[in-house]
Amino acid sequence: MAIRNVRTMGDPILTKKAKEVKEITGRTKSLIEDMLETMYEYDGVGLAAPQVGILKRIVVIDIGEGPLVFVNPVITMTDGEQCGSEGCLSVPGKAGMVTRPNYVKVEAYDENMEKFELEGTELLARAICHECDHLDGKLYVDLVEGELADVSEEE
């Protein structure tokens, strides 16, 4: 396992659409392990493969309930609305108010290419939407209402 470099805003890879994963290889499993380690190292809630320079449709999330791995995630349903502060490892030191669905249903594959469906609300719903946006080359800064604010490193 290794800590990967997190790409930051302005890096062209963050604006590209990631490619579907066809099979899980040893390299793919290593990437997932590295993504989890990187997310924890930088105190993130989620990380998408493009953020570490890999254009694959892979997302890892941990809102404090244990790690979740999503391969080829597709949001199939959303409901409600929540507005809250979001940050991103690819936009260090900044945060902004973003409106997202309060409920999402997502279909994806796990690290063994077993299909699953997951429902999430509140922070999990926000994280799933945020990370899935990365897979389509979108950053949360495009959705921010008002200005981006500076965030201190201690928060």
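Residues numbered from 1 in each chain as written. Predicted model: local features only at pLDDT ≥ 70, side-chain atom pairs only at ≥ 80, totals over all residues. Heavy atoms only, no water.

Novice: Would you mind going over the nonpolar core in detail, with residue names and values included?
Specialist: Residues Val59, Ile61, Phe70, Val104, Ile128 and Leu135 are the most contacted members of the largest nonpolar core, which totals 15 residues. Counting residues per element, the ones that place at least two in this core are β2 (58-61), β6 (103-109) and α2 (122-135). Sorting elements by how many residues they give to this core places α2 first, with 7 residues. Excluding its chain neighbours within four sequence positions, the residues that come into contact with valine 59 are Met35, Leu47, Ala48, Leu68, Val69, Phe70, Pro73, Glu131 and Leu135. Listed in part, the 13 residues of the second largest apolar core include Met35, Met39, Val60 and Val71. (Core = buried A, V, L, I, M, F, W, Y, C linked by side-chain atoms within 4.5 Å. Buried < 20%, exposed > 50% of the residue type's maximum accessible area, 1.4 Å probe, protein only. Helix = DSSP H or I, 4+ residues; strand = E, 2+ residues; numbered from the N terminus. Contact = heavy atoms within 4.5 Å.)

Novice: Now, about the sheet that holds strand β3 (residues 68-79): what can you tell me, with residues and values included?
Specialist: Adjacent strands of a sheet pair through backbone hydrogen bonds, lying either parallel or antiparallel. Overall, antiparallel pairing links the 5 strands, which are arranged β1-β2-β3-β6-β7 in an open sheet. Looking at which strands have only one partner, the edges of the open sheet turn out to be β1 (46-48) and β7 (115-121). Across the sheet, the mean angle separating the axes of adjacent strands is 35 degrees when strand polarity is ignored. Looking at chain direction, β1 and β2 are connected through 3 bridges and run antiparallel. Bridge pairing in β2 places leucine 47 opposite valine 60. With respect to the sheet, helix α1 (residues 26-41) is in contact with β1, β2 and β3, its orientation differing from that of β2 by roughly 35 degrees. The strands touched by α2 are β1, β2, β3, β6 and β7; relative to β7, the strand with the most contacts, the crossing angle is about 125 degrees. (Pairing = 2+ DSSP bridges. Axes fitted to C-alpha atoms, helices over the stretch in contact; angles between N-to-C directions.)

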